[in-house]
Amino acid sequence: MPVRSAHVAADAEALRDDGIEFMSHLSSLGARCAIPTTTNPRSVDFERAAEVGQRPIWTERERGIVDAFDRMGARRCDSCINYQTVDNPVYGEHLAWGDTGTVIYANSVAGARSNFEAGPAAVAASITGRVPRYGFHLPEHRRATVRVEVKDRPSQRSDWGALGCLIGRRVNDYWKVPALVGDGLRPSADDLKQLGAAMASYGSVGMFHLVGVTPEARTEAEAFGGIEPVERFVVNPGDIAGVYGGFQADVEKPDLVVFSAPQLSLAELAELASLFDGNTVSPVTRVYVTTSAMVKAEAERLGYARSIEKSGARLLTGVCFYLMAPHELAETFGYRTLVTDSAKLANIIAGYGFDPVFRPTSVCVEAAVTGRIPW
């Protein structure tokens, strides 16, 4: 299947030395990107790695990967929100994208077509311009199979992540496609970003439909394509609040408050800037915010970056926190309790030994400023 572009997840935390050697060898053989190719976040912000406390080996490894991508001609955006910045997917086109959040957004929100392409497969696609013809490239696999009636109404962005957590846990199958049905569900682009990223993280879901919103589900009948759902369930009032309640810390003070995974858009940074304006981060808490270089540049121009960093929060570029060798940071600084408004990060970071607390954005900011978890 010919593809229009590739998006490669190949960071130092995942590749380690053997993967970096593979990339370097491939580029030294003359491998070049035959199609537009973007890159997922790195494990280090080169300008702030030492400040964060990362070992120099991570910077060295990332430079090896960056050099290989540069020789191959990739567009090194170092971002998991390439679809919001440098490579907007188009309805019906075929892609070879690797980050789960990018894939589910392209499939669901844009109506483009991609499977989850692991790092080596995405690299191969960038060189050949082709992928295997299966999965979400085929119309029959894009039809909805699970009907989800949403009676609990998300009222803020993190609620959409909580909803994605609920659905992902229940579906838990790459080959099942949930269709969300409910009155008054009008999410923003960032709401859909959080919904899809959480669904993919908790359930390996590669595509969803939101009836009346996403392009292949103008109606419920269109979403299912005349086929009866194999499963039905309801998200009842109170279920979203229950997701937050499932993330409880056994201490009052957070070690970290992290806004990351996916990287933040300009609108999300504007919200954070407003919430942090006039406040100061607690001296006992570290706060990290991650975004892409393109978004950060615009945030600097508009003053959002200044407002965030004036509070004591650190705005990192080209990274996502869970890729930053967080297990080493935990060992070095004694980090354990992490507060975040990202349902995806709350899921992943537990695997690195952290105790995650998932809360709405305003609550996370309050925790950062007071040094205490409000609820």
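Structure first, text after, so check above.
Worth saying up front: this structure is predicted, and the values here are computed from it rather than measured. (Residues numbered from 1 in each chain as written. Predicted model: local features only at pLDDT ≥ 70, side-chain atom pairs only at ≥ 80, totals over all residues. Heavy atoms only, no water.)

Asks: How should I be thinking about the state of the cysteines in this particular structure?
Replies: By definition, a disulfide links the sulfur atoms of two cysteine residues through a covalent bond. Summed over all chains, the structure comprises 0 disulfides. We note that Cys 80 lacks a disulfide partner, and the nearest cysteine sulfur, in Cys 320, lies 3.6 Å from it. (Disulfide = S-S within 2.5 Å.)

Asks: How should I be thinking about empty space enclosed by the protein in this particular structure?
Replies: It is the rolling of a water-molecule-sized probe over the atoms that shows where space remains empty. Applying the stated criterion across every chain, the model contains 2 cavities of 30 Å³ or more. Lining the largest cavity are Arg 157, Gln 194, Phe 259, Ser 260, Pro 262, Leu 264, Glu 268, Asp 341 and Ser 342. In terms of residue count, strand E8 (residues 256–264) provides more of the lining of the largest cavity than any other element does, 4 residues in total. Of the residues that constitute the lining of the largest cavity, the class distribution is 3 nonpolar, 3 polar and 3 charged. Lining the second largest cavity are Asn 40, Pro 41, Cys 80, Asp 99, Ala 261, Cys 320, Tyr 322, Leu 323 and Lys 344. Residues belonging to the lining of the second largest cavity are distributed by class as follows: 6 nonpolar, 1 polar and 2 charged. Shared between two domains, the lining of the second largest cavity takes at least three residues from each, and those domains are domain 1 (6–137) and domain 3 (249–370). (1 Å grid on protein atoms, 1.4 Å probe; cavity = no way out; pocket = protein on both sides within 12 Å on 5 of 7 lines; lining within 4 Å. Points joined across faces, edges and corners; volume = space filled by probe spheres on them. Helix = DSSP H or I, 4+ residues; strand = E, 2+ residues; numbered from the N terminus. Nonpolar A, V, L, I, M, F, W, Y, C, P; charged D, E, K, R; others polar. Domains from an automatic or database assignment.)

Asks: What is the right way to look at the sheet that holds strand E9 (residues 286–291) in this model?
Replies: The strands that make up a sheet pair up through hydrogen bonds in the backbone, lying either parallel or antiparallel. Read from one edge of the open sheet, 5 strands run E10-E9-E8-E11-E12, paired in parallel fashion. The sheet is open, and its two borders are formed by strand E10 (314–317) and strand E12 (355–358), each paired with just one other strand. On average, each strand axis in the sheet is tilted by 25° relative to the strand beside it, whichever way the strands run. Bridge analysis of E9 against E10 gives 4 bridges, and the strand direction is parallel. Paired with Thr 290 across the strands is Leu 316, a residue of E10. Of the strands in this sheet, E8, E9 and E10 are in contact with helix H10 (residues 266–276), which crosses E8 at around 160°. In the packing of helix H15 (residues 361–370) onto the sheet, the strands contacted are E8, E9 and strand E11 (337–340), and the crossing angle to E8 comes to about 140°. (Pairing = 2+ DSSP bridges. Axes fitted to C-alpha atoms, helices over the stretch in contact; angles between N-to-C directions. Contact = heavy atoms within 4.5 Å.)

Asks: Quick question: what am I supposed to make of the pattern of salt bridges here?
Replies: Note on pairing: side chains with opposite charge can pair once their charged atoms come close. According to the stated counting rule, one finds 30 salt bridges in the structure shown. The shortest N-O distance in the salt bridge between Glu 298 and Arg 301 comes to 2.6 Å. Within this pair, Glu 298 and its partner Arg 301 are both found in helix H11 (residues 293–302), separated by 3 residues, close to a single helical turn. Among the residues examined, Arg 301 registers a relative accessible area of 58% and is labelled exposed. Salt bridges sharing partners connect three or more residues here, namely Arg 157, Asp 190, Lys 193, Glu 268, Glu 271 and Asp 341. (Salt bridge = Lys/Arg side-chain N within 4 Å of Asp/Glu carboxyl O. Buried < 20%, exposed > 50% of the residue type's maximum accessible area, 1.4 Å probe, protein only.)

Asks: I tried to follow the sheet that holds strand E6 (residues 209–210) on my own but got confused; where do I start?
Replies: If you trace the 4 strands from one edge of the open sheet to the other, you get E6-E5-E4-E7, paired in parallel fashion. Edge positions in the sheet fall to E6 and strand E7 (231–235), since each has one partner strand and no second. Relative to E7, strand E4 (residues 146–150) is paired through 5 bridges, and the arrangement is parallel. Across the sheet, Val 148 pairs through a bridge with Phe 233, a residue of E7. Where helix H6 (residues 157–171) meets the sheet, it contacts E4, strand E5 (178–181), E6 and E7, and its direction lies at approximately 150° from that of E7.

Asks: How do you make sense of H11 when you look at a structure like this?
Replies: Structural remark: α-helix, 3.6 residues per turn; residues separated by three or four positions point the same way. Taken together, the buried positions of H11 are occupied by Val 295, Lys 296 and Ala 299. Angularly, the buried residues of H11 cover 100° about the axis, an arc narrow enough to put them on a single face. Downstream of H11 by one or two residues, Gly 303 has phi in the positive range, about 90°. (Arc of directions from axis to C-beta.)

Asks: How should I be thinking about the side chain of Ser 114 in this particular structure?
Replies: Inspection of the secondary structure assignment puts Ser 114 in the loop between helix H4 (100–110) and helix H5 (119–128). Under the relative-accessibility criterion, Ser 114 is labelled buried at 0%. Among the polar contacts made by the side chain of Ser 114, one reaches the main-chain carbonyl oxygen of Leu 95 at a distance of 3.4 Å. Engagement of the side chain of Ser 114 in a polar contact is seen with the backbone nitrogen of Trp 97, the distance being 3.1 Å. When near neighbours in sequence (up to four residues on either side) are disregarded, Ser 114 contacts Leu 95, Ala 96, Trp 97, Val 103, Asn 107, Phe 136 and His 137. (Polar contact = N/O pair within 3.5 Å; in protein donor to acceptor, adjacent residues only side chain to side chain.)

Asks: What is the right way to read the environment of Ala 367 from this model?
Replies: Tracing the backbone through its elements, the reader meets Ala 367 in helix H15. Residue classification places Ala 367 among the buried residues on the basis of a relative accessible area of 0%. Along the sequence, Ala 367 and Met 207 sit 160 residues apart, while their C-alpha atoms lie 34 Å from each other. Not counting chain neighbours up to four residues away, the residues in contact with Ala 367 comprise Pro 254, Val 257, Thr 285, Val 339, Arg 372, Ile 373 and Pro 374.

Asks: I would appreciate a short explanation of the layout of surface pockets in the present structure.
Replies: In this model, the largest pocket occupies a volume close to 350 Å³. In terms of lining residues, the largest pocket is bounded by 22 residues, among which Ala 9, Ala 10, Asp 11, Ala 14 and Gly 119 are the most central. Those elements that place two or more of their residues in the lining of the largest pocket are helix H1 (12–28), H5 and helix H14 (343–349). With 5 residues, H1 is the single largest residue contributor to the lining of the largest pocket. Classifying every residue of the lining of the largest pocket by side-chain character gives 13 nonpolar, 6 polar and 3 charged. Looking at which domains feed residues into the lining of the largest pocket, each of domain 1 (6–137) and domain 3 (249–370) supplies at least three. Its volume calculated, the second largest pocket comes out at about 220 Å³. Forming the boundary of the second largest pocket are 17 residues, of which Arg 76, Asp 78, Ala 293, Thr 317 and Gly 318 lie nearest the centre. Taken together, the residues that form the lining of the second largest pocket break down as 6 nonpolar, 5 polar and 6 charged.

This is a description of form; function is not addressed.
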